[in-house]
Amino acid sequence: MNQNLYLLTREYEKFTDECEGQSVPEFVENFIYGSMDYNEENLPKLTEEMGKQAQGHEPENFKKAFDEMLLYLRDRFVTLDPEKEYWPLHYREGVSAFVAMIDGLIVQYFSGLYSVEDLKERTPLFAAIILNGFVGINENEYETLSTD
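Figured I'd write up the structure that's included with this text. (Residues numbered from 1 in each chain as written. Predicted model: local features only at pLDDT ≥ 70, side-chain atom pairs only at ≥ 80, totals over all residues. Heavy atoms only, no water.)

Description of unusual backbone geometry
When glycine is set aside, most residues are seen to have a negative phi, and most peptide bonds are trans.
Piece 1. Of note, the phi angle at Lys84 is positive, near 60°, even though the residue is not glycine.
Piece 2. In this structure, Lys84 sits in the loop between helix H4 (59-80) and helix H5 (92-110). (Helix = DSSP H or I, 4+ residues; strand = E, 2+ residues; numbered from the N terminus.)

Shown next, in the form of structure tokens:
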């Protein structure tokens, strides 16, 4: 793993560890707030790595680093949600969908659709919308869930 990916992974784990919350809703709201800072602080490294991916450089390293981050975040959700109220967040696929939603908000910030103030003002609403997408689904209807 190259130095940028290594640092991004460690910083993501640190950010996840430091993100406060005693429940999934509380953690998700704080995670959204913190994601803005994480992405802004790491923009040069993220841009460099995304550029490499666009050119097809080190795809396996990037995949490995991203998967490591997803599984680290999943472990946090498992700890926060022992009753599996938000069961998709106990699987790679659910965490992947969660991260995609958060990254979508970050892209909207960088595109100028929302300012930091706009995102912060709307974070409780975004958190509620995201979390509502993880309840009311029957876990037993899906055979494609990861087992690691």
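Continuing now.
Points about the environment of Thr47
Piece 1. Note that Thr47 resides in helix H3 (residues 43-54).
Piece 2. The class for Thr47 is partly exposed, based on a relative accessible area of 48%.
Piece 3. At a separation of 2.7 Å, a polar atom in the side chain of Thr47 contacts the main-chain carbonyl oxygen of Leu43. (Buried < 20%, exposed > 50% of the residue type's maximum accessible area, 1.4 Å probe, protein only. Polar contact = N/O pair within 3.5 Å; in protein donor to acceptor, adjacent residues only side chain to side chain.)

Observations concerning H4
Piece 1. Over its 22 residues, H4 extends 32 Å from the first C-alpha to the last, a length consistent with the 32 Å expected when each residue adds 1.5 Å.
Piece 2. Residues of H4 that are buried make contact with helix H1 (3-18), helix H2 (24-41) and H5. (Expected span 1.5 Å × (residues − 1). Contact = heavy atoms within 4.5 Å.)

Focus on the layout of surface pockets
Piece 1. Volume-wise, the largest pocket comes out at about 560 Å³.
Piece 2. Lining the largest pocket are 23 residues, with Asn39, Leu46, Met50, Phe66 and Asp103 sitting closest to its centre.
Piece 3. Listed by contribution, the elements that provide at least two residues to the lining of the largest pocket are H1, H2, H3, H4 and H5.
Piece 4. With six residues, H5 is the single largest residue contributor to the lining of the largest pocket.
Piece 5. Of the residues in the lining of the largest pocket, the class split is 18 nonpolar, three polar and two charged.
Piece 6. By volume, the second largest pocket is sized at about 180 Å³.
Piece 7. Around the second largest pocket, the lining is made up of twelve residues, and of these Trp87, Pro88, Glu93, Gly94 and Leu145 lie nearest the centre. (1 Å grid on protein atoms, 1.4 Å probe; cavity = no way out; pocket = protein on both sides within 12 Å on 5 of 7 lines; lining within 4 Å. Points joined across faces, edges and corners; volume = space filled by probe spheres on them. Nonpolar A, V, L, I, M, F, W, Y, C, P; charged D, E, K, R; others polar.)

No statement about biological role is implied by the geometric values presented.
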